[in-house]
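A structural walkthrough
Residues per chain, in single letters:
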Amino acid sequence: MRVAFLGPHGTFCEQALRTLTPADLDAALGDAEPSEHPLSSTTAVLDAVRRGDADAACVPVENSVEGGVPATMDGLVEQPPLVIVREILLRVEFAVLVRPGTTAADVTSVASHPHGEAQTRRWIAEHLPGAEVRLTGSTAAAAAQVAAGEVDAAVCAPVAAAHHGLEALATGVHDSGDAVTRFVLVRPPGPPGLPTPTGDDRTSIAATTVNRPGALLAVLTEIAMRGVDLTRIESRPLQDRRGDYWFFLDGSGHVADPAMGEALAALRRRCTDVRFLGSYPRARLDGRRGDAVAVPGEQEPGQTLKDHTEAAAWVAALRDGTGA
Ligand SMILES: O=C(O)C(=O)C[C@]1(C(=O)O)C=C[C@@H](O)C=C1
């Protein structure tokens, strides 16, 4: 199995993929030792899977400082569908890499991925004032440009130094500590099926609604009334319908859970279009949950997984004539 990722070698995306154990990869892809394919953009990575040139892809989806990655979000709702089978949280800390012998005074240009630049903007202004900032397709692409002599410095992952023969002018570079980027592993729907529910899962959905007062509120109400904890909402414009939006919704739970299944069915009825983007185990960071947990004790009565399962079993029994 071939896994495409944002390259060249030395990106945070590659590091994220490498954090997965053979057991993780086997559970997500049905292959413990896939081969890796670095490609030059997130769009190229997702296209490779859709064309069948790769079997799966690892792409960045959001950063705790800079927010969503537009190319990934736009790419996820394209057709044919892809589903997320795993999420990965990776702490992001940058190094400023240069050709050996370069000093800060020699640096007149600095390159990085837009998200890398956004997370180190203040540092660059303070330590490399006057340097021209150039944006690249990935942080490792910036390192490759430094190696090729096209730019003086790259803001990238420290591991890119070894890949591109560079040295660090500075390490531990960031404007706000504790930045985390969330990556997802995607593949076409079909065998080997969805990841098995773990009891601590996340489901991603993209939905469009008619433009009517309360339309989005109705969508959120369908989710809220089933006790599903919404963990993210973000919108992106629909490129061919100006004024309409995709709403990207992440919620706690698996589509196999009755509450999430009911919420999805309701959205299917209410929305102009709904895309199921996947149900997958919630990632952990340093062994702990990497995002906010719903405030305990605030759940409406009758909304636990047990309540939903019992109610669904009761209706099933009514339907097959064994219950009353
Ligand atoms: O360019 C890389 O190294 C990536 O993996 C992409 C990416 C991103 O899209 O946010 C990943 C982590 C960092 O936040 C900076 C860039």
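About the cut-offs
- Residues numbered from 1 in each chain as written.
- Predicted model: local features only at pLDDT ≥ 70, side-chain atom pairs only at ≥ 80, totals over all residues.
- Heavy atoms only, no water.
- Helix = DSSP H or I, 4+ residues; strand = E, 2+ residues; numbered from the N terminus.
- Contact = heavy atoms within 4.5 Å.
- Salt bridge = Lys/Arg side-chain N within 4 Å of Asp/Glu carboxyl O.
- UniProt positions renumbered as here; feature names shortened; annotations may be inferred.
- Near = heavy atom within 4 Å.
- Polar contact = N/O pair within 3.5 Å; in protein donor to acceptor, adjacent residues only side chain to side chain.
- Areas by Shrake-Rupley, 256 points an atom, 1.4 Å probe, with all protein chains shown as cover.
- Nonpolar A, V, L, I, M, F, W, Y, C, P; charged D, E, K, R; others polar.
- Pairing = 2+ DSSP bridges.
- Axes fitted to C-alpha atoms, helices over the stretch in contact; angles between N-to-C directions.
- Phe/Tyr/Trp six-rings, centres within 6.5 Å; stacked < 30°, edge-to-face > 60°.
- Buried < 20%, exposed > 50% of the residue type's maximum accessible area, 1.4 Å probe, protein only.
- Parallel < 35°, antiparallel > 145°, perpendicular 65-115°, else oblique.
- Core = buried A, V, L, I, M, F, W, Y, C linked by side-chain atoms within 4.5 Å.
- Arc of directions from axis to C-beta.

**Digging into the side chain of Asp24**
- Residue placement: Asp24 occurs in helix H2 (residues 22-29).
- When sequence neighbours within four positions are dropped, the list of residues in contact with Asp24 reads Thr19 and Arg86.

**Here we look at the pattern of salt bridges**
- Across all of its chains, the model carries 25 salt bridges by this definition.
- Here Arg226 ties to Glu222 by a salt bridge, and the two come within 2.7 Å at their closest N and O atoms.
- Because the salt bridges share partners, they merge into one network encompassing Glu62, Glu87, Arg182, Arg202, Arg232, Glu234 and Asp250.

**Concerning the UniProt feature "domain: ACT" (unreviewed entry) in the chain**
- Mapped onto this structure's residue numbering, the UniProt feature "domain: ACT" (unreviewed entry) falls at residues 204-281.
- As annotated, residues 204-281 comprises 29% helix and 38% strand, and the C-alpha atoms at either end are separated by 11 Å.

**A closer look at the site of the ligand**
- Not every one of the 15 residues close to the ligand is listed here, only the nearest: Phe12, Cys13, His115, Gln119 and Thr139.
- At 2.9 Å, a side-chain N or O of Gln119 approaches an oxygen atom of the ligand.
- Residue Thr181 places a side-chain N or O atom 2.9 Å away from an oxygen atom belonging to the ligand.
- Compared with its free state, where it exposes 360 Å², the ligand has 100% of that area covered by protein.
- Mapped onto the shell around the ligand, the elements with two or more residues apiece are helix H1 (12-18), strand S3 (56-63), helix H5 (114-127) and strand S11 (180-187).
- A per-class count over the shell around the ligand returns seven nonpolar, eight polar and no charged.

**What to know about the sheet that holds strand S13 (residues 230-237)**
- Ordered in space as S13-S14-S12-S15, the four strands form an open sheet in which the pairing is antiparallel. Two strands close off the open sheet at either side, each with one partner strand: S13 and strand S15 (273-281). If you compare each strand with its neighbour and ignore which way they point, the axes differ by 15 degrees on average.
- Relative to strand S14 (residues 245-252), strand S12 (residues 201-208) runs antiparallel, the two being bridged by six bridges.

**Side note on the UniProt feature "domain: Prephenate dehydratase" (unreviewed entry) in the chain**
- UniProt marks residues 2-188 with the feature "domain: Prephenate dehydratase" (unreviewed entry), using the numbering shown here.
- The straight-line gap between the two end C-alpha atoms of residues 2-188 is 13 Å; of that span, 32% is helix and 33% is strand.

**Focus on the sheet that holds strand S10 (residues 167-173)**
- Pairing is mixed in the open sheet, where five strands are placed in the order S8-S7-S9-S6-S10. Single-partner strands in this sheet number two, and they are strand S8 (132-135) and S10. Between one strand axis and the next, the sheet turns by 20 degrees as a mean value, whatever way the strands run.
- In the sheet, strand S7 (residues 109-112) pairs with strand S9 (residues 153-156) via two bridges, with the strands oriented parallel. Residue pairing across strands places Ala111 opposite Ala154, the latter belonging to S9.

**Some details on the packing of aromatic side chains**
- Applying the stated criterion across every chain, the model contains one aromatic pair.
- Ring centres of Phe12 and Phe94 lie 5.2 Å apart, and the angle between their planes is 80 degrees; on these two criteria the pair is classed as edge-to-face. With Phe12 in helix H1 and Phe94 in strand S6 (residues 94-98), this pair connects stretches of sequence that are 82 residues apart.
- Judged by its relative accessible area of 9%, Phe12 is buried.

**Thoughts on unusual backbone geometry**
- The omega torsion across Gly7 and Pro8 is 0 degrees, close enough to zero to call that bond cis.
- In this structure, Pro192 follows Pro191 across a cis peptide bond, with omega equal to 5 degrees.
- For Pro192, the position within the fold is in the loop between S11 and S12.

**Comments concerning the packing of helix H9 (residues 258-270) against helix H10 (residues 305-319)**
- One way to put it is that H9 packs onto H10 with a least axis distance of 8 Å and a crossing angle of 70 degrees. When the axis of H9 is compared with that of H10, the two are roughly perpendicular. Contact with H9, carried on its side by Pro258, Ala259 and Glu262, involves Leu305, His308 and Thr309 of H10 and no other residues of that element.
- Looking at the contact of H9 with H10, its residues break down into three nonpolar, two polar and one charged.

**Structural notes on the nonpolar core**
- Judged by nonpolar contacts, the single largest core of 34 residues is most densely connected at Leu29, Cys58, Val96, Leu128, Phe183 and Leu185.
- Counting 22 residues, the second-largest nonpolar core is a separate cluster that includes Leu46, Val77, Phe248 and Leu277.

**Examining helix H8 (residues 215-224)**
- Among the residues of H8, Ala215, Ala218, Val219, Glu222 and Ile223 are the ones counted as buried. One side of H8 holds all its buried residues, which, seen down the axis, span an arc of 140 degrees.
- Of the surrounding secondary structure, the elements contacted by the buried residues of H8 are S13, S14 and H9.

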